[in-house]
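# Per-entry structural report
Residues per chain, in single letters:
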Amino acid sequence: GKRAVLDYIQGHPERVCLVLDGLDESSLSKCTGYVRQVVRGEALAGLHIIVTSRPSEEVLSLSTSCPFDRRLELVGFQMDQIKEYVRKVLPQATSKQLLESLERDAQLASMMATPYFSAATCQLCQAHYALPTCMTDVFTS
C-alpha cells in the first residue's frame, strides 16, 4: 500500500523520479515543509525531480536556490508569429476578427502564445466563430 511506496522512496531515492507537473499552478508556500525540503534537495538525497511550470517569480526564485541540473524553456509564439499563424490558417474575414480581438484582449493574446492553444482557437473560430475567453473554453467547446 501507500506505506510500502513511501518506504521504497525513502530507502532508494536514487531510483525514484518525482514529477511535479504545473508547479506554477500551486504555491510552494502552501506545500508542506517536507515537500519543500524535497524540492530544494534537503531531503531524500539522490531523488530525481522533474518540475514543469510556466514562468513565474516563485518558480524562478526556486530555480536559483535549488541544485537543478538542467533548465529547459519551451518558448511559445511572439505576437508577430501569432498573427502570421492566424493569417495562414484562417480565411481572411475570420482572421481579421480574431486579430482584432487579440488587440483588445491581452488575456487572449497571452494564451495564444501557446502554439497548441493557437491551433485550438483557430479551429474553434472556423467551427463556431466564437472566441475563447479562458483556457477552459477551448477544452469545453
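Quick note: structure is the one above.
Residues numbered from 1 in each chain as written. Predicted model: local features only at pLDDT ≥ 70, side-chain atom pairs only at ≥ 80, totals over all residues. Heavy atoms only, no water.

As for its placement among the helices and strands, T121 is situated in helix α7 (residues 115-128). T121 gets classed as buried once you look at its relative accessible area, which sits at 0%. (Helix = DSSP H or I, 4+ residues; strand = E, 2+ residues; numbered from the N terminus. Buried < 20%, exposed > 50% of the residue type's maximum accessible area, 1.4 Å probe, protein only.)

The next point concerns unusual backbone geometry. With phi around 55 degrees, L44 is a residue other than glycine that occupies positive phi space. Relative accessible area serves as the criterion here: at 18%, L44 is assigned to the buried category.

Moving on: the pattern of salt bridges. Think of it this way: side chains of opposite charge can pair up when their charged atoms draw near. Scanning all chains against the criterion turns up 3 salt bridges. One salt bridge in this structure joins R3 and D7, with 3.0 Å as the shortest N-O distance. In this pair, R3 and D7 are both assigned in helix α1 (residues 2-11), 4 residues apart and thus about one turn of the helix distant. On the basis of relative accessible area, D7 is assigned to the partly exposed category, the value being 39%. Here E100 and K96 are joined by a salt bridge, their closest N and O atoms 3.8 Å apart. Within this pair, E100 and its partner K96 are both found in helix α5 (residues 92-104), separated by 4 residues, close to a single helical turn. (Salt bridge = Lys/Arg side-chain N within 4 Å of Asp/Glu carboxyl O.)

What tends to happen in soluble globular proteins is that the nonpolar side chains get buried as a cluster. Core analysis: the largest hydrophobic core is formed by 13 residues, its most contacted members being V86, L90, L98, L102, L108 and M112. Secondary-structure elements contributing two or more residues to this core are α4 (79-89), α5, α6 (106-111) and α7. The next biggest cluster of nonpolar side chains, apart from the first, holds 5 residues, and it includes V16, V38, A43 and L47. (Core = buried A, V, L, I, M, F, W, Y, C linked by side-chain atoms within 4.5 Å.)

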